[in-house]
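As a plain string of letters, each chain reads:
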Amino acid sequence: MSALPSVLITGASTGIGAVYADRFARRGHDLILAARDLTRLNALAARLRQDYGVAVDVVPTDLNVPAALGRLEALLHNDERIGVLINNAGAAGTGGFLDQSPDQVAQLIGLNITALARLSAAVAPRFAAAGRGAIVNVGSVVGLAPELGMTVYGATKAFVLFLSQGLQLELGPKGVYVQAVLPSATRTEIWERSGKDIDALPAVMEVDDLVDAALAGYDRREPVTIPPLHDAGQWEAFEAARTAMLPNFMQSQPAPRYRAAA
Ligand SMILES: NC(=O)C1=CN([C@@H]2O[C@H](COP(=O)(O)OP(=O)(O)OC[C@H]3O[C@@H](n4cnc5c(N)ncnc54)[C@H](OP(=O)(O)O)[C@@H]3O)[C@@H](O)[C@H]2O)C=CC1
Ligand SMILES: N[C@@H](C=O)C(=O)O
């Protein structure tokens, strides 16, 4: 058993989550891998045990099923060996808003928002009490871009960014590190799963490069890590403009532009 904290990774059967599993195993961490595809999870677990000599437990979990999500919440709440939560599982959905039924919208929210938030809530009190621990939430640049026409998906990813920034402010002083990771187009199955042609995209990042960049941000305890954004100054300017508005929201009178013409 590793002396390092164990890492629980959701969406670990393929894509970004599977690479996170490889990288943390390579660093010597024992793992708990959660996803629906048990065959893939078992194959990955066997390889990681063989390659890195770490303990790997698999937990077949459909995060849209409350009982299954609850079992993962209990694990996070009770297992003191778990020191890192990688909230990675997610889906992009298909079509535009008018193509999505209320159930499909709820399904996306259930996976991308409810599960991520519940797992964070399950582990945060234990991390805060211990004065240590890390929560990595995988968002997306789409959460900053309603122009991309992925409205519900993007809204779920905007939630992930806001939740992460709020948790940084609440939990950071208690010794808990919270990272929001915002990938752009990355070569995984999510594109095929959402009925999109990845080859039609102008640029696609390889998944190993994405995760290695996200971990570079993790190692330097960066709050928001955006691997595809080469000019970090753009994010800094965005945040400066956003926070400069905050003190101007507390007003007793509406802005003159909204007053009836005299
Ligand atoms: N690839 C990209 O271009 C980008 C991806 N992202 C985000 O990265 C994260 C990982 O996505 P990515 O690796 O690309 O996608 P993949 O589709 O390759 O992997 C998604 C993972 O989530 C799991 N998953 C899907 N639905 C459920 C469910 N209901 N319950 C439990 N696990 C589930 C899948 O496993 P299984 O099917 O076995 O359950 C799989 O392991 C997502 O949050 C995504 O939004 C963000 C920006 C860009
Ligand atoms: N998952 C991708 C879109 O489908 C993204 O977030 O860019």
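Cut-off values and rules
Residues numbered from 1 in each chain as written. Chains lettered and ligands numbered in written order. Predicted model: local features only at pLDDT ≥ 70, side-chain atom pairs only at ≥ 80, totals over all residues. Heavy atoms only, no water. Helix = DSSP H or I, 4+ residues; strand = E, 2+ residues; numbered from the N terminus. Rg over C-alpha atoms; globule rule 2.2 N^0.38 Å. Buried < 20%, exposed > 50% of the residue type's maximum accessible area, 1.4 Å probe, protein only. Expected span 1.5 Å × (residues − 1). Contact = heavy atoms within 4.5 Å. Near = heavy atom within 4 Å. Polar contact = N/O pair within 3.5 Å; in protein donor to acceptor, adjacent residues only side chain to side chain. Areas by Shrake-Rupley, 256 points an atom, 1.4 Å probe, with all protein chains shown as cover. Nonpolar A, V, L, I, M, F, W, Y, C, P; charged D, E, K, R; others polar. 1 Å grid on protein atoms, 1.4 Å probe; cavity = no way out; pocket = protein on both sides within 12 Å on 5 of 7 lines; lining within 4 Å. Points joined across faces, edges and corners; volume = space filled by probe spheres on them. Axes fitted to C-alpha atoms, helices over the stretch in contact; angles between N-to-C directions. Parallel < 35°, antiparallel > 145°, perpendicular 65-115°, else oblique. Left-handed = near helix turned anticlockwise from the far one by under 90°.

Focus: the overall build of the protein
Next, step 1: A tally of helices and strands in the protein yields 8 helices and 7 strands.
Next, step 2: In terms of overall dimensions, the protein is globule-like: its C-alpha atoms have a radius of gyration of 19 Å, near the 18 Å expected for 262 residues.
Next, step 3: Expressed along its principal axes, the backbone C-alpha trace of the protein runs to roughly 75 × 45 × 40 Å.
Next, step 4: Going through the 262 residues of the protein one by one, you find that 44% of them count as buried.

Some remarks on helix 5 (residues 151-171)
Next, step 1: Compared with an ideal rise of 1.5 Å per residue, which puts 21 residues at 30 Å, helix 5 spans 29 Å between its outermost C-alpha atoms and is within 8% of the ideal.
Next, step 2: Those residues of helix 5 that fall on the buried side of the exposure criterion are Val152, Tyr153, Gly154, Thr156, Lys157, Val160, Leu161, Ser164, Gln165, Leu167, Gln168 and Leu171.
Next, step 3: Buried positions along helix 5 lie against helix 4 (102-130), strand 5 (134-138), strand 6 (177-181), helix 6 (190-193), strand 7 (224-225) and helix 8 (232-245).

Observations regarding the site of ligand 2
Next, step 1: Every residue lining ligand 2 is accounted for by Ala92, Ser140, Val142, Met150, Tyr153, Ile190 and Trp191.
Next, step 2: In this structure, an oxygen atom belonging to ligand 2 sits 2.7 Å away from a side-chain N or O atom of Ser140.
Next, step 3: With respect to ligand 2, the side chain of Tyr153 contributes an N or O atom lying 2.6 Å from an oxygen atom.
Next, step 4: Protein burial of ligand 2: of its 230 Å² of free accessible surface, 92% is covered by the chains.
Next, step 5: Taken together, the residues of the shell around ligand 2 sort by class into 6 nonpolar, 1 polar and no charged.

Some thoughts on the side chain of His29
Next, step 1: Summarising the element assignment, His29 is placed in the loop between helix 1 (15-26) and strand 2 (31-35).
Next, step 2: When its relative accessible area of 10% is taken as the criterion, His29 is described as buried.
Next, step 3: Only 2.7 Å separates the side chain of His29 from the backbone oxygen of Pro5, close enough to count as a polar contact.
Next, step 4: Contact partners of His29, with chain neighbours within four places excluded, come to Ser2, Leu4, Pro5, Val7, Phe24 and Val54.

With respect to the site of ligand 1
Next, step 1: As a matter of local geometry, ligand 1 sits amid 31 residues, with Arg36, Asn88, Tyr153, Thr186 and Thr188 nearest to it.
Next, step 2: Between Asn88 and ligand 1, the recorded distance is 2.8 Å, taken from a backbone N or O atom to an oxygen atom.
Next, step 3: One of the backbone N or O atoms of Ile190 is found 3.4 Å from an oxygen atom in ligand 1.
Next, step 4: About the coverage of ligand 1: the protein hides 97% of its 880 Å² of free accessible area.
Next, step 5: Mapped by element, the contributors of at least two residues to the shell around ligand 1 are helix 1, helix 5 and helix 6.
Next, step 6: Here the shell around ligand 1 gets 3 residues from one element, more than from any other, and that element is helix 6.
Next, step 7: Across the shell around ligand 1, the residue classes tally to 12 nonpolar, 13 polar and 6 charged.

Concerning empty space enclosed by the protein
Next, step 1: In the structure shown here, the tally under the stated rule is 1 cavity of 30 Å³ or more.
Next, step 2: Forming the boundary of the largest cavity are Thr10, Leu63, Asn87, Ala89, Leu111, Ala115, Leu116 and Leu119.
Next, step 3: Ranked by the residues each element gives to the lining of the largest cavity, the list is headed by helix 4, at 4 residues.
Next, step 4: Of the residues contributing to the lining of the largest cavity, the split by class is 6 nonpolar, 2 polar and no charged.

Things to note about the packing of helix 3 (residues 66-78) against helix 4
Next, step 1: Contact geometry for helix 3 and helix 4: axes closest at 8 Å, N-to-C directions at 20°. Compared by their axis directions, helix 3 and helix 4 come out roughly parallel. Judged by the twist between their axes, the crossing of helix 3 over helix 4 is right-handed. Residues Leu69, Leu72, Glu73, Leu76 and His77 of helix 3 form the contact with helix 4, whose own contacting residues are Ala115, Arg118, Leu119, Ala122, Val123 and Arg126.
Next, step 2: Looking at the contact of helix 3 with helix 4, its residues break down into 7 nonpolar, 1 polar and 3 charged.

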